[in-house]
Amino acid sequence: MNIKKLFGKRNEIIGGHFNELRSKIGIANQSEEYVFSVREEICNQCPLKNGNNCNAMKWLNPNTLEVLDHPKDGFIRGCGCRLSAKQRSTLSLCPAGFWGGEFD
């Protein structure tokens, strides 16, 4: 991973945790919270969701929702992220393309 991409991911992670904290202490942006709640609903239906994480040990076909234990063309690997923070990052994208870009 190049340094520019690494710093970009760091900003995504920090932003998600910051928005998670804002939500917990009652100072969240309500229009953002709506988007975050829709993202959560989408993740809750995803077969890669494992507790509060996106399972990085599985691959998903975004068109059929078929899940495999190994890579295959057309399949996307789970990101491994802690979902409660990732869903609240305005910069983050679902690796399968189910959400993201709402704040561009």
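Our subject in this report is the structure included herewith. Please read these numbers as outputs of a predicted model, since none were measured by experiment.

## Topic: the nonpolar core
Listed in full, the nine residues of the largest apolar core are Cys-43, Cys-46, Leu-48, Cys-54, Leu-60, Leu-83, Cys-94, Ala-96 and Trp-99. Once you skip the residues sitting within four places of it in the chain, Ala-96 turns out to touch Leu-60, Pro-62 and Ile-76.

## Observations concerning unusual backbone geometry
The backbone of Leu-65 shows a phi angle near 65 degrees, a positive value even though the residue is not glycine. Along the chain, the position of Leu-65 falls in the loop between β3 (59–60) and β4 (67–68). Look at Leu-65 and you get partly exposed, because its relative accessible area is 42%.

## Notes on empty space enclosed by the protein
As enumerated under the stated definition, the model contains one cavity of 30 Å³ or more in all. Empty space within the largest cavity amounts to approximately 150 Å³. Lining the largest cavity are 18 residues; nearest its centre among them are Cys-43, Cys-46, Cys-54, Cys-94 and Pro-95. Of all the secondary structure elements, the ones that give two or more residues to the lining of the largest cavity are α2 (30–45), β5 (76–77) and α3 (83–86).

## Examining the pattern of salt bridges
Inspection of every chain in the model, using the stated rule, returns five salt bridges. Between Arg-22 and Glu-32 there is a salt bridge; the shortest N-O distance is 3.8 Å. Taken together, the positions of Arg-22 in helix α1 (residues 3–24) and Glu-32 in helix α2 put the pair 10 residues apart, joining distant regions of the chain. The pair Arg-22 / Glu-32 is uniform in exposure class, with both members buried.

## Concerning the environment of Cys-46
Inspection of the secondary structure assignment puts Cys-46 in the loop between α2 and β1 (49–50). Taking the C-alpha atoms as reference points, Cys-46 and Pro-62, separated by 16 residues in sequence, lie 9.5 Å from one another. With residues up to four places along the chain from it excluded, the contact list for Cys-46 reads Leu-60 and Phe-98.

## Comments concerning the packing of aromatic side chains
Inspection of the entire model under this criterion finds one aromatic pair. Where Phe-36 meets Phe-103, the ring centres are 5.8 Å apart and the plane angle is 55 degrees; that geometry is what we call tilted. In this pair, Phe-36 is assigned in helix α2 and Phe-103 in the segment after α3, connecting sequence segments 67 residues apart.

The rules behind each value
Residues numbered from 1 in each chain as written. Predicted model: local features only at pLDDT ≥ 70, side-chain atom pairs only at ≥ 80, totals over all residues. Heavy atoms only, no water. Core = buried A, V, L, I, M, F, W, Y, C linked by side-chain atoms within 4.5 Å. Buried < 20%, exposed > 50% of the residue type's maximum accessible area, 1.4 Å probe, protein only. Contact = heavy atoms within 4.5 Å. Helix = DSSP H or I, 4+ residues; strand = E, 2+ residues; numbered from the N terminus. 1 Å grid on protein atoms, 1.4 Å probe; cavity = no way out; pocket = protein on both sides within 12 Å on 5 of 7 lines; lining within 4 Å. Points joined across faces, edges and corners; volume = space filled by probe spheres on them. Salt bridge = Lys/Arg side-chain N within 4 Å of Asp/Glu carboxyl O. Phe/Tyr/Trp six-rings, centres within 6.5 Å; stacked < 30°, edge-to-face > 60°.

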